[in-house]
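# Commentary on secondary and tertiary structure
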Amino acid sequence: MLDDALDLESALEAVTVAAVELVDGADCAAITFLGPHHDLESVATTSPVATAVNLLAHQLQEGPCIDAATDERLVTSTDVQGDLRWPGWSAAVADMVSSVLAVQLVSARGVHGALTIYSSARDSFTAESICTATTLSIHAAIAMRALLLQTDMTHAVARHTLVGQARGILMDQFGLDADAAHDLVLRRSCEANLKVVEVARRLVADRSTKAGATPEGHL
């Protein structure tokens, strides 16, 4: 399933579906994704219940999915209602879930979030459940890392193409060679306090520069 995933969203969906199918005692599952700025986002939930309990954890900044995504490799609770580790979250979800199993999604390149599996019954998860969830989380983290790298590479290629187009515009407008055009893009970036890719984006978007202008007149 993960091999067939073409993007990160479909990979995360495959992981949560597999978790419900493969982990004994699972009723629903969700993934908390850890963004580049350590912001947490609830994604790929398998049911409205999973969506609701994960969202409450993010809003309250407490809960098993928060702990697993940020600190602990494995978080379990056999009786959510009586668990004192997350008093606000436990009270808020008391009528929705009773057992929880959260596993950190981590590869050799870092932590990517957490897979959290929920059950409406107490004491739902066994040692075998934990083993299955842990194994699934390892495969999931590796797949997520690969897809994130693929996305980064795609964005890098797009940025490179955009800068190349901007360089070509300047070469055509001012009769510059490639190096001089690239230096001009860098100068505009520094003087305008903008990223190079943003300068390039503006140049490509604005092709109506007056004919006959000099490079200095456009800095």
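Notes on the structure in this doc start here.

### Details of helix α2 (residues 48–60)
With 13 residues, α2 should reach 18 Å at 1.5 Å per residue; the first-to-last C-alpha distance of 18 Å fits that figure. Taken together, the buried positions of α2 are occupied by Ala-50, Val-53, Asn-54, Ala-57 and His-58. Each buried residue of α2 lies within a common arc of 140° when the element is viewed along its axis, so the set occupies one face. Exposed side chains of α2 directed beyond 90 degrees from the buried face belong to Pro-48 and Gln-59. Backbone geometry just downstream of α2 places Gln-61 in the positive-phi region, at approximately 60°.

### Let's talk about the pattern of salt bridges
Evaluation of the coordinates by the stated rule reveals two salt bridges. One salt bridge connects Asp-79 with Arg-122, and the closest N-O pair in it is separated by 3.4 Å. Of this pair, Asp-79 sits in the loop between β3 (74–77) and α4 (87–92) while Arg-122 sits in the loop between β5 (110–119) and α5 (127–174), and the two are 43 residues apart along the sequence. For Arg-122, a relative accessible area of 55% puts it in the exposed group. Among the ionic pairs, Arg-85 bridges to Asp-83, the shortest N-O distance being 2.6 Å. What makes Asp-83 buried here is its relative accessible area of 12%.

### Observations concerning helix α6 (residues 178–192)
Taking 1.5 Å per residue, 15 residues should reach 21 Å; α6 reaches 21 Å between its end C-alpha atoms and fits that length. By the burial criterion, the buried members of α6 are Ala-181, Leu-184, Val-185, Arg-188 and Ser-189. Along the axis of α6, the buried residues cluster in a sector spanning 140°; they form a single face. Exposed side of α6, more than 90 degrees from the buried face: Asp-179, Cys-190 and Glu-191 are the residues found there. Of the residues flanking the start of α6, the one acting as N-cap is Asp-177, its side-chain oxygen 2.7 Å from the backbone nitrogen of Ala-180. In the segment just after α6, Asn-193 is the residue with positive phi, at about 55°.

The rules behind each value
Residues numbered from 1 in each chain as written. Predicted model: local features only at pLDDT ≥ 70, side-chain atom pairs only at ≥ 80, totals over all residues. Heavy atoms only, no water. Helix = DSSP H or I, 4+ residues; strand = E, 2+ residues; numbered from the N terminus. Expected span 1.5 Å × (residues − 1). Buried < 20%, exposed > 50% of the residue type's maximum accessible area, 1.4 Å probe, protein only. Arc of directions from axis to C-beta. Salt bridge = Lys/Arg side-chain N within 4 Å of Asp/Glu carboxyl O. Polar contact = N/O pair within 3.5 Å; in protein donor to acceptor, adjacent residues only side chain to side chain.

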